[in-house]
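Chain by chain, the residues:
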Amino acid sequence: MTWKSTSTGPLPRVRPEPGAASANRSLPSGPWTLQPAPKAEPTTMEIPVLSGATAALHRQKVAGLMEQMRHDLRGGHHLEAEALLRERLKASRVELAEERILALAESLRDVDRARAERERREAEEAAEAAEGAAAS
């Protein structure tokens, strides 16, 4: 069986011929006009960046959070480790017991600059208060 064209005339043009009067010059023409418009990229993160992120075990998620927090705190994050840990746990929907949260925050003590600064200020204020009490 052979295929035979049923059209008898020249192929219709996609673009109008130059100089031909067109009623809708402002409308684009061409094969691209029939294609769907590209979808806008989401402005928020709606899917995980890494494949397998949703399949991670509970302890793997906590380990990842701790690694991320250690990096952030080493860089001088404005929050203390406990507050930052609670914020990250809430954002990632990971639930931990209160004792475990406190233990994890304590394990970050060596890189917790905000906590070290707070403890230094508290020690200075206590020393000033002791000097004021001794002077009176």
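As the structure is a prediction and not an experimental result, all values here were calculated from the model. (Residues numbered from 1 in each chain as written. Predicted model: local features only at pLDDT ≥ 70, side-chain atom pairs only at ≥ 80, totals over all residues. Heavy atoms only, no water.)

**Re the overall build of the protein**
Right, on to step 1. Within the protein, the secondary structure is distributed over four helices and zero strands.
Right, on to step 2. Across the 136 residues in the protein, those meeting the buried criterion constitute 15%.
Right, on to step 3. Long-range contacts, defined here as pairs at least 24 residues apart, represent 49% of the contacts in the protein between residues at least 6 apart.
Right, on to step 4. Accessible surface for the protein amounts to roughly 11,700 Å². Of this, 56% is attributable to carbon and sulfur atoms. (Helix = DSSP H or I, 4+ residues; strand = E, 2+ residues; numbered from the N terminus. Buried < 20%, exposed > 50% of the residue type's maximum accessible area, 1.4 Å probe, protein only. Contact = heavy atoms within 4.5 Å. Areas by Shrake-Rupley, 256 points an atom, 1.4 Å probe, with all protein chains shown as cover.)

**Examining the packing of helix α2 (residues 81-92) against helix α3 (residues 98-107)**
Right, on to step 1. For the pair α2 and α3, the least separation of the axes is 9 Å and the interaxial angle reads 125°. As judged from the angle between their axes, α2 and α3 are oblique. When you trace α2 past α3, the crossing you get is right-handed. Contacts between α2 and α3 involve A81, E82, L85, R86 and L89 on the former and, on the latter, E98, I101, L102, L104 and A105.
Right, on to step 2. Here the contact of α2 with α3 is built from residues that sort into seven nonpolar, no polar and three charged. (Axes fitted to C-alpha atoms, helices over the stretch in contact; angles between N-to-C directions. Parallel < 35°, antiparallel > 145°, perpendicular 65-115°, else oblique. Left-handed = near helix turned anticlockwise from the far one by under 90°. Nonpolar A, V, L, I, M, F, W, Y, C, P; charged D, E, K, R; others polar.)

**Remarks on the side chain of D112**
Right, on to step 1. Its place among the elements puts D112 in the loop between α3 and α4 (113-135).
Right, on to step 2. It turns out D112 is buried and unbridged, and the closest side chain with the opposite charge, R115, is 5.0 Å from it.
Right, on to step 3. When residues no more than four places from it in sequence are discounted, the contact partners of D112 are L73, L79, E80 and A81. (Lys, Arg positive; Asp, Glu negative; His and termini not counted. Salt bridge = Lys/Arg side-chain N within 4 Å of Asp/Glu carboxyl O.)

**Focus on the pattern of salt bridges**
As a working rule, side chains carrying opposite charge can pair if their charged atoms are close by.
Right, on to step 1. Going through the model one piece at a time under the given rule, you end up with 13 salt bridges.
Right, on to step 2. For the salt bridge of R88 with D72, the shortest nitrogen-to-oxygen distance reads 2.7 Å. On the criterion of sequence distance, the pair formed by R88 in helix α2 and D72 in helix α1 (residues 58-74) is long-range, its members being 16 residues apart.
Right, on to step 3. A relative accessible area of 22% places D72 in the partly exposed class.

**Structural notes on unusual backbone geometry**
Right, on to step 1. Positive phi outside glycine occurs at R93, with the angle close to 60°.
Right, on to step 2. Structurally, R93 is set in the loop between α2 and α3.

**Some thoughts on the nonpolar core**
Right, on to step 1. Counting residues in each nonpolar core, the largest one holds 15 residues, and the members touching the most others are M66, M69, L73, L85, L89 and L108.
Right, on to step 2. Those elements giving two or more residues to this core turn out to be α1, α2 and α3.
Right, on to step 3. With five residues, α1 is the largest single contributor of residues to this core.
Right, on to step 4. Residues contacting L85, with those up to four places away along its chain left out, are M66, M69, I101, L104 and A105. (Core = buried A, V, L, I, M, F, W, Y, C linked by side-chain atoms within 4.5 Å.)

In short, geometric facts, not functional conclusions.
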